[in-house]
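Now for the letters of each chain:
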Protein chains: 2
Amino acid sequence: MNGHYIKEPWSIIEEGFHPGMQEASESIFSLGNGLMGQRANFEERYTGESLQGNYLAGVYYPDKTRVGWWKNGYPEYFAKVLNAPNWIGIDVEIDGVQLDLHKCEVVDFRRELNMQQGYLERRFTFVNKGKKLHISARRFLSMKRNEIGVIRYAVKSEDFSGTLSFTPYIDGNVVNRDSNYDEQFWEMMDTRSGKNLAHLKARTRKTGFITCMTMAYQLCLDEKILGPEVEVSERSDYVSNRVSLELEAGQEAVFLKYVSVLTSLNHDQEKMHEEGEVILQEAVKLGYAALFQEHSAVWENNWAHSDIIIEGDTAAQQGIRFNIFQLKQTYTGRDERLNIGPKGFTGEKYGGSTYWDTEAYLIPFYLSTAPEEVSRNLLVYRYKHLQKAIENAKKLGFNQGAALYPMVTMNGEECHNEWEITFEEIHRNGAIAYAIYNYTRYTGDSDYLAEYGLEVLIGISRFWRQRVNWSDVRGKYVMLGVTGPNEYENNVNNNWYTNKMASWTLSYTLEVLEAVMESSPGAYDEIKKRTGFNFKEETGGWKDVIEHLHFPYDEKKGVFLQQDGYMDKKQIMADDLDPVERPINQNWSWDRILRSCLIKQADVLQGIYTFEEEYDHEVTKRNFDFYEPRTVHESSLSPCVHSILASRIGMPEKAYEMYLRTSRLDLDDYNNEVNEGLHITSMGGTWMSVVYGFGGMKIREGMLSFEPRMPEGWKGLSFKIYHRGCTLKVSIDKSKVKIENLVGGDTELLLCGSKVELKAGRMVFADL
Amino acid sequence: MNGHYIKEPWSIIEEGFHPGMQEASESIFSLGNGLMGQRANFEERYTGESLQGNYLAGVYYPDKTRVGWWKNGYPEYFAKVLNAPNWIGIDVEIDGVQLDLHKCEVVDFRRELNMQQGYLERRFTFVNKGKKLHISARRFLSMKRNEIGVIRYAVKSEDFSGTLSFTPYIDGNVVNRDSNYDEQFWEMMDTRSGKNLAHLKARTRKTGFITCMTMAYQLCLDEKILGPEVEVSERSDYVSNRVSLELEAGQEAVFLKYVSVLTSLNHDQEKMHEEGEVILQEAVKLGYAALFQEHSAVWENNWAHSDIIIEGDTAAQQGIRFNIFQLKQTYTGRDERLNIGPKGFTGEKYGGSTYWDTEAYLIPFYLSTAPEEVSRNLLVYRYKHLQKAIENAKKLGFNQGAALYPMVTMNGEECHNEWEITFEEIHRNGAIAYAIYNYTRYTGDSDYLAEYGLEVLIGISRFWRQRVNWSDVRGKYVMLGVTGPNEYENNVNNNWYTNKMASWTLSYTLEVLEAVMESSPGAYDEIKKRTGFNFKEETGGWKDVIEHLHFPYDEKKGVFLQQDGYMDKKQIMADDLDPVERPINQNWSWDRILRSCLIKQADVLQGIYTFEEEYDHEVTKRNFDFYEPRTVHESSLSPCVHSILASRIGMPEKAYEMYLRTSRLDLDDYNNEVNEGLHITSMGGTWMSVVYGFGGMKIREGMLSFEPRMPEGWKGLSFKIYHRGCTLKVSIDKSKVKIENLVGGDTELLLCGSKVELKAGRMVFADL
């Protein structure tokens, strides 16, 4: 746990250079704009420890799988998030000395991630033979023109005179640290370097994605544009333009680098050079100040709609903004081919772009903070992968159109290969079904069911039906050999959460079937034909499972049991552990973790959270009191659920502790792994812990319901919610809650348990 | 399942060349002599599919581990059995055509593994432009001089005239197919090639084992020794001598290649060249015929002591001889540093040299067929690894001298990395304890306990004590998260066999403790000091576990349950499977295998077999009837146990079916994998199924007991047994059993339930 970044409401600030934290800081200070993103690597050369990373949305590589012992059913390839050619580089030489923070003497180092305006800035003083130069480097990836990135690199001499040179470059010789066989993922196609324009075009091996990057520069001395001699370099995988100038004491040289980054997802490969040049020239013509202006205007608008304001708690305020900022950087919802990878544009670990995180943690965020189409796109994305999910299930021995969605995917195919996860962590299928329910109940868009939803539900229900088996000794259906959300148990029987998800999916599918048969008989017939659905036989089987599925339960304690045999474990509590043993996944052998009762992430509680309508305060509290002390929260997806439940059952201190843990997970590096990248997908959970937890939002019969419970130390909390055409602003203080209907027509909602009408443009209050 | 080899009592014969079976045949026809061994690769060039393999006992390489997802506790290295420089090569050119069975026209192909005399021979006719040459190639690895290998390569012209050349070589450019990162495991040190003597010296990377191979040749035409011109080749990793002659119709050219193979395990590296040359020259001087004579004499002696004669069933006879032949080729018991790898010298798969197979399946074989020292050496081998086993347990979080022996090892360190095996298949620890019991009860060598055995038992017992935990809900100790011998279940709770092994080890250790305290108080004090043993506290804990350990049991069926929850599975029988789905490990996804009730190998039955004194006929039969139909025998270690139990409970047909399956596992390739090498360690199980099963041998109070039950179709069965200084010959026919005391003093035994005295040189009979 680091926690050394300065807590400002709108910025993340590091003061003093901490080389040992460099990779962690590279993650924290990452930038993105939905189409591309990058870690906060330095522009100038840096020979210290660093994880270089520059990523392009939707561009991936099927890296040959690496396994210890092959198991039947494993996929051959793992779609990796690709480290793309590096376009941020600017080598800086000062009187023949290469600027390199690993080797040079540097003082007054400060870096800032400004979330309000969306830029990254570094300032430091370079001391060269007793002479000082003040350097400040700012960059942003335009949110307005998302194929443009801009760097402003300023060097101001205090008392130095001599030669200063800048060598901006694009370098295609990049690797993925997590490449399985140290293969090169890119092949170079073309490099061209002119006096003030250089291109690099490269193609991914196997997948054939192409990127074309084009750069231009401007060099100014004390605000006067220079036109210096250029030394042009061009190799097969590298282009650069080197320029020099003489700098006197007191003078400031400013180097501006403009880059356009295009990919073949959006451009015809034949025209990429030309189009890249046009896009770049437009940007150069507009100039740095105007580009920054239009970029920061997008952020202003984002914040106007999505900001959460916490009064009286800077750490909490900074935390929630950091989460929202990163989510908005990663996914803008404009492109239905994209999804949200677990590390976004901040690292390469895990690979793939789509996990169950999207359905369980991000759909709620986008439902409330973005137009309906964004969530719908995310759902349609899965619909388009249905055939692959059916093939995936077939590989595991299922048939008749049973669908198992992959654990990790880029294009619908399974990427992951750990048998206990790939084959057994099947609750993911339930999250995909639940997202359909969640979307339709929130938006009221029931057409979605006939158009796409039902077909997905049938595939998933068929899977559940085949995945259970009848146990004679119990006289029940059982589900054997699964891994629940708590991945610190593998290959268990009757994981309560998974069984709950299965049973719920079957019931919901029956409900949707009836609704679609009623409302859209034509669509139903089409679906029946496409899927070979046999109503009587199949629904009969589903009903049988719903009625007779086994759920482990401890009578004495009155709690749902995570799985069969959970109570046989030695019951130790997370707080009993010696702090040096935590996180246990870095200190205990795997079998010890599996044997222990310690829980990586919410499992039974995930189910109680998901189906909150079914469980009253007593049941929720009993299960929370039982499981919370056993949970080590070594998954980023855990504390948010505990925070929300703690809010609901009136444990505000616990809720607040868990909230800090989720919202500051990366900033404070709770699990000692932020160097690998940020936990992007869990950031939706952070948002949920504020809105669902402290805001007390629920959905009841299509209405929003609010029962706020603000943490003790907060003076105020406010946020905005999109819901069925309305924009509501919720403002909470110590004594009351106010809800304003800012945009949209009249609506109804539940406020602290009472139904209230909220006319367009009006507001309602309730005392707390 | 192939089964296309001809069934002869003393030979394995293939008639007609089957290129598609080449790798399988290379395994089947392997040769070895305890110190080195090799697959039956061709001497002349072969460009078809082939797995080249030449192995040196005790020479290994720590290949960097390959895993998908790293788990804490995994070893960094996997000690691999090394493919060593190839010394068998002789390129043959006939009128400028390179002889290559993949490309040339060949008729009348026949190869034979002669087990009686221990050689491999191929004969075939090469048709070149209508002209015929008859080729016969025989080779053996001397059992007498185990650093010498000899090849006799004869080419007889029928109607061909022209040039014939031979190029014998040693080639250091070899690879392991299962190398994890395609690394070269060898580095070349020195090559020297003279007119008729060539050396190659190479060192393994990291481990620094050195081999020095030296070759010489003789060329004869119609029995006249020639002294032709030699073309010498010498590269950094290759040496050869090329000689040619003119061959006329009717003439026969015979090329003899002699090779000495030395390793630094047995020679000072500075003197290897000279010593290799001396050893080689002695062999050359002796000449081919005499070398073969002394070699086959060793085999004659081996067979005189170890042969099992089955009358009236050639397939069964060939099967058992093949097993004994391979065991005797692989391990001679002369070198205490060696152990018996699962593939012996016949393939590179699995790596490591030592598995629990040694204790469970091979100690019984060597106890009865070799001097006591051989088994004792195998036990001491584990004693010497005790500290490593304690370190291994420490890595997994155990302490106070608890020892967990590795799943796979070469030097005592764990090599294997699949969490469900490495960390959880801990019953191996029990097999090591049991071997101590088995050895001492068989030999009466109770000194072993004070000297070595007790210390190992304390380490293992401490492990078991720490590995169980108290379950409040059951009021019992439980053992969670294990994998039993049946590896088609992973991470289960309370595997009956493992719990049985644990409980038995604790009891046995208590017994040995008392015995050693009584008999060797000085030794006991030493052990106490070395291990920090606390008698009262530790034995108290052990007794508590013995008393309260949970054993899953099905009351209704009266069977021990393989693990908790086994009866929840869908109860399908192996015979219900569609034959195309078998073996299931090649056709089902891993999760499907895990969920099924199908059993890879004897598990509960392994326990009932091991502790047969504790279970009466009824219990044994009930469990056998329950588990046998659920067992797919996809481990080589399975059918032998089922065969023995079937014999005991009076199911002779089943016993015979299982016997054929174990004894002809590789010959008939039941599991479709013989191409990877032979199942060497299970061959001890085959021997057990004859001697313990059909011979009905048991050990009772230090005496041998026989209750033969010969299969229906057999006319006679006889075998010899070493026991406490006596050599007994057991001969069984339809009506009676005869036991002769061939060598040694007077003894007592149990014959068909009655105690009989058997004086030196006498015999006893019993009717059947």
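What counts as what
Residues numbered from 1 in each chain as written. Chains lettered and ligands numbered in written order. Predicted model: local features only at pLDDT ≥ 70, side-chain atom pairs only at ≥ 80, totals over all residues. Heavy atoms only, no water. Axes fitted to C-alpha atoms, helices over the stretch in contact; angles between N-to-C directions. Helix = DSSP H or I, 4+ residues; strand = E, 2+ residues; numbered from the N terminus. Parallel < 35°, antiparallel > 145°, perpendicular 65-115°, else oblique. Left-handed = near helix turned anticlockwise from the far one by under 90°. Contact = heavy atoms within 4.5 Å. Nonpolar A, V, L, I, M, F, W, Y, C, P; charged D, E, K, R; others polar. Least-squares fit on C-alpha atoms with pLDDT ≥ 70 in both. Phe/Tyr/Trp six-rings, centres within 6.5 Å; stacked < 30°, edge-to-face > 60°. Buried < 20%, exposed > 50% of the residue type's maximum accessible area, 1.4 Å probe, protein only. Buried area = accessible area lost by both parts, 1.4 Å probe. Salt bridge = Lys/Arg side-chain N within 4 Å of Asp/Glu carboxyl O. Polar contact = N/O pair within 3.5 Å; in protein donor to acceptor, adjacent residues only side chain to side chain. Pairing = 2+ DSSP bridges. Domains from an automatic or database assignment.

1. Focus on the packing of helix 5 (residues 356–369) of chain B against helix 6 (residues 372–384) of chain B
Residue and element names in this part refer to chain B. Where helix 5 meets helix 6, the closest approach of the two axes is 9 Å, and the angle between their N-to-C directions is 160°. It follows from the interaxial angle that helix 5 and helix 6 lie roughly antiparallel. Relative to helix 6, the crossing made by helix 5 is left-handed. Two secondary-structure elements touch here, helix 5 through Trp356, Thr358, Glu359, Ile363, Tyr366 and Leu367 and helix 6 through Val374, Ser375, Leu378, Leu379 and Arg382. Grouping the constituent residues of the contact of helix 5 with helix 6 by class yields seven nonpolar, two polar and two charged.

2. Let's talk about the relation of the copies chain B and chain A
With an RMSD of 0.0 Å, the operation that places chain B on chain A is a rotation of 180° combined with a shift of 0.1 Å along the axis. Overall, the copies show the geometry of a two-fold rotation axis. Residue valine 67 of chain B, judged by its C-alpha, is the member of chain B lying nearest the rotation axis, at 2.5 Å. An overlap of 100% is found between the interface residues of chain B and their copies at the interface of chain A, pointing to a shared contact surface.

3. A word on the packing of aromatic side chains
All names here are of chain A. With the rule as written, the count across this model stands at 111 aromatic pairs over all chains. Geometrically, the ring pair formed by tyrosine 656 and tryptophan 714 is edge-to-face, given 6.2 Å between the ring centres and 85° between the ring planes. Of this pair, tyrosine 656 sits in helix 18 (residues 652–663) while tryptophan 714 sits in the loop between strand 28 (703–706) and strand 29 (716–723), and the two are 58 residues apart along the sequence. Here phenylalanine 694 and tryptophan 714 contribute two aromatic rings whose centre-to-centre distance is 5.1 Å and whose plane-to-plane angle is 70°, an arrangement assigned as edge-to-face. You can see phenylalanine 694 sitting in helix 19 (residues 683–694) and its partner tryptophan 714 sitting in the loop between strand 28 and strand 29, a full 20 residues away along the chain. A relative accessible area of 0% places tryptophan 714 in the buried class.

4. Focus on the interface of chain B and chain A
Each side of the interface is counted separately: chain B has 46 residues, and chain A has 47 residues. Surface buried jointly by chain B and chain A totals about 3900 Å² across both partners, of which 52% is contributed by carbon and sulfur atoms. Our enumeration of links across chain B and chain A arrives at six salt bridges. Salt-bridge contacts for lysine 71 of chain A lead to glutamate 418 of chain B; the nearest nitrogen and oxygen are separated by 2.6 Å. On inspection of chain B and its partner chain A, the count reaches 20 residue pairs in polar contact (both at pLDDT 80 or more). Secondary-structure elements contributing two or more residues to the side of chain B that touches chain A are helix 8 (419–422), strand 23 (469–471) and helix 14 (590–595) of chain B.

5. What about the sheet that holds strand 3 (residues 31–32) of chain B?
Residues and elements named next belong to chain B. Taking strand neighbours across the sheet as the criterion, the three strands line up as 3-4-5 in an open arrangement whose pairing is antiparallel. Unpaired on one side and paired on the other, strand 3 and strand 5 (54–56) mark the two borders of the sheet. Pairing of strand 3 with strand 4 (residues 36–38) involves two bridges; the strand directions are antiparallel. Residue glycine 32 lies in a different strand from strand 4, and its bridge partner there is glycine 37.

6. Re the pairing of strand 12 (residues 131–141) of chain A
Looking along a regular strand, one sees side chains alternate from face to face of the sheet. Residue and element names in this part refer to chain A. Most of strand 12 is tucked away: eight of the eleven residues are buried. Looking at chain direction, strand 11 (residues 119–128) and strand 12 are connected through nine bridges and run antiparallel. Paired with asparagine 128 across the bridge in strand 12 is lysine 131. The antiparallel hairpin formed by strand 11 and strand 12 contains two residues in its connecting segment, where lysine 129 sits at a positive phi of about 50°.

7. Points about the domain arrangement of chain A
Quoted interface sizes are often the accessible area lost when the parts come together. Residues and elements named next belong to chain A. Partitioning chain A into structural domains gives domain 1 (33–304) and domain 2 (307–683). Averaged C-alpha coordinates put domain 1 and domain 2 at centres separated by 37 Å. Facing 42 residues of domain 1, the contacting portion of domain 2 comprises 38 residues. Both sides of the domain 1 and domain 2 interface together cover about 3100 Å² of buried area, and 63% of this is carbon and sulfur. Area buried by domain 1 at its contact with domain 2 is led by Phe78, Met115 and Trp303, which between them contribute 20% of it. At the boundary of domain 1 with domain 2, the tally comes to zero salt bridges. Where domain 1 meets domain 2, there are twelve residue pairs in polar contact (both at pLDDT 80 or more). Within the residue set of the side of domain 1 that touches domain 2, elements represented by two or more residues are strand 4 (36–38), strand 5 (54–56), strand 7 (77–81), strand 10 (106–114) and helix 3 (288–306). A per-element tally of the side of domain 1 that touches domain 2 places strand 7 first, with five residues. Here the side of domain 1 that touches domain 2 is built from residues that sort into 21 nonpolar, 15 polar and six charged.

8. Some words on the environment of threonine 47 of chain B
All names here are of chain B. Among the secondary structure elements, threonine 47 is positioned in the loop between strand 4 and strand 5. Residues threonine 47 and alanine 84, 37 residues apart in the sequence, show an inter-C-alpha distance of 19 Å. When neighbours within four sequence positions are excluded, threonine 47 is seen to be in contact with Asp100, His102 and Lys103. In terms of polar contacts, threonine 47 uses its side chain to reach the side chain of aspartate 100, at 2.6 Å.

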